[in-house]
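Here is what each chain is made of, one letter per residue.
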Amino acid sequence: MLGSMKRTLSSVLPLVFLAALYAGPLGAISLPCQPCGGIRLADPADLETTIGAIGTIAAGTLEPGSPLFVAWDLPLDGSADPSPAAELFGAGATPWMTLVFRTPAPLTQNLDALQAELSAAAKIAAAAPAGAYFQIAWRPASGVTAGLDPAQYGFLIKRAAVVLTGAAPEGKVATGPLPPDPAFLTAFYAEEIAAYLEVVALAPASPVQLAAAVAKLDELDAGRPVVLDAPGAPAEAGGVLADAARNVTRGMALTLFEAPSAASSPNPQAASPIVAPLVLLAREFAGDLSYDPTSTPTGAEAWAFVRGKDLGVRVIAATPPGANELALLFPDAELRRPVRYSYFARKVGPPNGKLVGGKLEVRLAAAAPVEILALERPTAAEREGIEEKVTVSGDRGISVEEVLRRLQAFEDAQNRRIDHYQAVNTTSLRFPAAGTQTIEATLQGPYFVERGVPPDWVWSSLFLNGVRWRSKSIPEIPLIQPEKAATMPGEITFDKKYRYTLRGSDAIDGRAAWVVDFEPVGAAVATEGRLYKGTVWIDKQLSSRLKTRAVQLGLEGEVLSNEETLLYTPIDADGAPAPWAAGSFILPLKVLAQQILSVVNTATIVERDTRLTEVKINADGFAEARTTANASDATIVRDTAKGLRYLVKDEKGERVVKEGFDHDKLFLAGGLFYDDSFDYPLPLAGINYFSLDFKGTKQQVNVFFGGVLLVANVAQPRLFGSKFDFGADVFGLAIAGSDKLFRDNREVPGEELKARPTSFTLNLGHPIGNFFKWGVRYGLVSTTYSKIDTADANFRLPSNNIAQRIELSGRYARSGYRLDLGGSYHRRSKWADWGLPGNPDFDPDKKDYLRWAVSLAKTWNLPKFTRLSTQLNYLSGSDLDRFSKYEFGFFGPTRVHGYQSNRVRATKVSAAHVTYGFAFGDLFRLDLEGDAAWATDKDTGLHNELLAGAGIAGTFIGPWKTVVNMDVGVPVAGPDDGVVLYIVFLKLFK
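The following refers to the structure shown. Given the structure is predicted, the values throughout are model-derived calculations rather than measurements.

### Comments concerning the sheet that holds strand E14 (residues 352-356)
Inference 1: Taken together, three strands build an open sheet; the order of strands is E12-E15-E14 and the sheet is antiparallel. With partners counted over all chains shown, the strands left at the sheet margins are strand E12 (326-330) and E14, one partner each. Averaged over neighbouring strand pairs, the angle between their axes works out to 25° when direction is ignored.
Inference 2: As paired strands, E12 and strand E15 (residues 359-364) are joined by five bridges and run antiparallel to one another. Residue pairing for E15: Leu326 is matched across the bridge by Leu364.

### Observations concerning unusual backbone geometry
Inference 1: The omega torsion of the bond from Gln34 to Pro35 falls at -5°, within 30 degrees of zero and hence cis.
Inference 2: Among the structural elements, Pro35 can be located in the loop between helix H1 (2-22) and strand E1 (36-41).
Inference 3: A cis amide bond links Asp229 to the next residue, Ala230, at an omega of -10°.
Inference 4: With a phi angle near 70°, Lys698 is a residue other than glycine that sits in the positive phi range.
Inference 5: Inspection of the secondary structure puts Lys698 in the loop between strand E33 (682-691) and strand E34 (700-705).

### A word on the packing of helix H8 (residues 239-249) against helix H9 (residues 275-284)
Inference 1: As a packed pair, H8 and H9 sit with axes 8 Å apart at the nearest point and diverge in direction by 45°. In terms of axis orientation, H8 runs oblique to H9. Contacts between H8 and H9 involve Val240, Leu241 and Ala244 from the first element and Pro277, Leu278 and Leu281 from the second.
Inference 2: Tallied by class, residues from the contact of H8 with H9 come to six nonpolar, no polar and no charged.

### Concerning helix H12 (residues 622-631)
Inference 1: When we look at burial in H12, the residues that qualify are Phe622, Arg626 and Ala629. The buried residues of H12 all sit within an arc of 60° when viewed along its axis, so they share a single face. Pointing more than 90 degrees away from the buried face of H12 are the exposed residues Glu624, Thr627, Thr628 and Ala631.
Inference 2: Looking at the buried positions of H12, the neighbouring elements they touch are strand E17 (420-432), strand E18 (438-450), strand E19 (453-459), strand E29 (635-640) and strand E31 (655-657).

### Some details on the pairing of strand E28 (residues 602-617)
Inference 1: By the bridge criterion, nine bridges tie E17 to E28 in an arrangement that is antiparallel. Within E28, the position partnered with Leu429 by the bridge is Arg608.
Inference 2: Relative to E28, strand E27 (residues 585-599) runs antiparallel, the two sharing 10 bridges. Paired with Leu597 across the strands is Thr604, a residue of E28.
Inference 3: Here E27 folds back onto E28 in antiparallel fashion, the turn holding two residues, of which Val600 has a positive phi close to 40°.

Quick notes on the rules
- Residues numbered from 1 in each chain as written.
- Predicted model: local features only at pLDDT ≥ 70, side-chain atom pairs only at ≥ 80, totals over all residues.
- Heavy atoms only, no water.
- Pairing = 2+ DSSP bridges.
- Helix = DSSP H or I, 4+ residues; strand = E, 2+ residues; numbered from the N terminus.
- Axes fitted to C-alpha atoms, helices over the stretch in contact; angles between N-to-C directions.
- Parallel < 35°, antiparallel > 145°, perpendicular 65-115°, else oblique.
- Contact = heavy atoms within 4.5 Å.
- Nonpolar A, V, L, I, M, F, W, Y, C, P; charged D, E, K, R; others polar.
- Buried < 20%, exposed > 50% of the residue type's maximum accessible area, 1.4 Å probe, protein only.
- Arc of directions from axis to C-beta.

Structure follows, in C-alpha cells:
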C-alpha cells in the first residue's frame, strides 16, 4: 500500500506543478516551446543561406513553422521582399520579421510618413505565413534605443499592431528590444499597450539589470512572454542551448542569438554554426514543455523540462570544462529509457542508466560541451493499473483592451480594402411641430467617399413632407449642426481621451456581441470638449461593429444635444447583401440621430434618418462621376471637421468650401384662417424674417408681420457663453376675435363678447443632461374686451387688464418620444365682477389662477414617407374661470379639429390625438387626423364629455416655388359644429 501511495504521489505531483505553471493570466499567450531559441541575422542577405541550412539539417524532421525563430530586418520604404518568410516557414522555422520604422518624432507631426510606413507594413504582413511574428522596431534619425520616448513608442506600437493584426489576424506582435529599465517599462505600460502585444523583447544587459526588468514586467503584465534580443552567440555553437535554458530560469521565454554576418566569416557561403543546435532545440523542445526544477539532475549545470502530454523529460546539461564524462543524478527513480541527442555529427555511445540509492544515475561518455537527453516516465498501465487523470481548464476571458484592438484591426484592414465608394445618400430631417404634426425635409443624391478626402454629397432631390421640390436648384438651408469631435471613440492617440468598460455580452439581430461602454476622461472634456459618451456593440466572431450609439458632449452654439445611432450591414462590392464574413464590407448604412436645438428659446427637436443605398465599392468611373458632379450646378455639401459645409464654385469654376452659411432668410407668407370666432376669414399675408446670427451678434431673430398680426422673437442661445438661453417674445393681433360661450350644450349668444390679446414674454432656459431642457418664462398679457350688438344689456364686460404670468416648463425628447411638462401662475392687474347678475363663474379669488399640463407624444416613421403620430395630454388647474380655462380651437395643445376658438371651455381635459400621413407619389401629401378630448367643467355642464373632431391636412408645391399647406377640420362629437379651415403658402425669397 505504501509503495502504491508513493508511486501515485510521484506521478500526480508533477502534474499539479504543471497545472500551476499553465494557469497563467487570462489573455496571456505562451510560446510553443521551452526553452525557445532563435537566430537574428545581422545581414538580411544571409537569409537565403540560413533557409537552405535549416532545410538540410532538419531533413524533414521539423514541421513547417516549428519554433526555430529566425529574425531579420525589413525596411518600410517599399523595398522589402517578404517572400523569404514563406520559404523559411516551409523549411521548418518561424519568421520573426523586424519591421523598421524610420518616421521621426513627434509622430503626430509626421503622420503622412508614418501612414506610408504602416501601409508598407500591412503589405508585408498580408504576404507572411500564418503565425509569423512581427517586431515593431522604431529607429528614427537618432537611432538610440535607450532614448526611446515611451509615449511616442507606445503610440507607434498601438497603430502598428492594429494594422498588422488587421492584415494578418493570426500574426503575433512584439516590441523592439526595450531598455531593461523598470522606470522606462513603467512609463511604457502607462500608455496602455498591453492588449496590443503578444511578446515583449528586452535588449541585452547584465543579469542584474535583466532580473529587475523581468520583475517589473511580471508586475505590469504577468504571463507575457519575454524575449532576449539579441545577445551574442557563444564561441562554441552548443552554448546557445545552455544559454537558452539558463535564460528561461531568468524569465526569458525566447533568446534570439545574434549571428555575425556571413561576409565576415572565413566561409561566406556557410550558414551560422548555431543553426544546427537551434534545429535540435526546436525539434526536441517543441510543445507544452515547462521548466521543472524538481526533475533537474545534479552533477553538472543542467535544466530539466517536463512535457505536459506524457510527463516526459528533456534535459540540457553543460559539461564541466575539461571533463570527458558526464554523470547526472536524477531525483526521480521512475525516469527511464534515456536517449542522447547530438547537435553535430559524431558517434557516441548510449547513456548508461542505473539506480543509485533510490535515484537514477545517467552517465555519458565522450561528453560534448552541451548534452541533450530525453527520458520517459512509466505509463499508467505500467504503474500497476493506477489510472491518472488531471484536467486543467478555465473559461477564457477577454479584456476590453483586447476587444478594442480586434475592432481597430478589423476596421484598419477594411479601410485598406476600400479606396473609394459611391452611394445614394437619403437623409430625412424631421421637425416635430405642435401636436402630432411633423415637418419633414428629405435630401437625396450621390454620395462620394474616398480615402484621405472628405466625403461630398450632391443634393439632386428635395422632398418636403414627401412632396418633390420641382425647381432645378435646391435652396441653401441653414446647416445647424455640431462640429465633429476632434477624437472619435476607439482612435489611437497619445493622450488618453476615453475610458472604456466591457459591460458584457448581448445579441444584435442574432449576432453575439461584446458590449463596450465609452466615456471621456474628465481632463479630456475640459481641454478638448466635443467628445462622445455611449456604447458600441462589437461582433464576437469578426470584431466588426454591429451598432454604435453615442451622445456628444461639450456642444456649443445652438446645439444642445446630439445623439447618433449607427447600424452596420454587410454588403459586397456591388452593394448587395452579403454574409457576416471577413470578406464582406461592413458599413454603417443606416444612421439615426436626434438633435435638440435652441431656436428662439424653444427646444426644437430635429430627428435625422440617413440611409445609404446603391453602394458601389472601388467601382470604375468613381473619379469621373465626382468630376461631373462638381462641374454641374447642383448643390453640394462636404463633410468637414466643422460639419457639413457648402461646396461652391469660385471665379474659376472650381469647387471650394464655403465658410459658414447664410444665417438670414426672408419668406413671403400668405393665406387665410377661418372659423366662426371671426366675422370673416382672417387673411394671412406678410413677410417673415429669420436669422440665426443677426448682424454677427450670435442672436436669433424671427419676425412675422402680416398687417393685422405681429409675431416677433429675439434670443441669445448662449448667454455670456453659458448654456443658458435668454430672449423675448412679442405677440399682437389687431383684430378682436369672438369669445362665445356654450352652456349645457347650447350656445349663449347673450354672453358673447370680443377679445383682443397682446403679450410680451421674457424667456430663460437651460438643458439638463442631453435630452431634457427646462425653461422659465415671465410674461405680460394685455387683454381688451368689447361688447357685440347681440349681447345681453345686463352683461358686464370683464376688466381690461394686464396679467402677469410665471411659467415653468420642461421637455424631454429621445427615440421619437417627447414628454412636455408645464405649470404656470397668473395674476391679473384687476378683476371686477363680470357677466350677468349673479354670475356663479365670477369669484374675486380667481384674479389669480394656476394651470398645469403634461403631454406625451410618439412618432413612427414608416417607409415611403408614411408616418403615424400619437399624442396624449392632460391639463388642469385651479381657480379657473371662463377667460382662463382651456379651449379647443385650432391653436394650442387641446385642439380638436373643427372646434372654433374661444367657444367650448373646460377646467380639466384628457385628450388623445392621432395622425396618419402618406404621400401620393411625390406630388401631394395627405394627413388624416383625429382628436378626442374628455372635458370637464361644472359651470358649463361638461362632465367628462367627449369632444371629437376629424381633419385632413395636405402639402403640395404650388406655382412660383411656393410650398402650400392646408388643414380643414370638422367636429364629429360634442357641442360644436361648423368647419375650421387653414391654408397658407410660403415662398423663400433668399
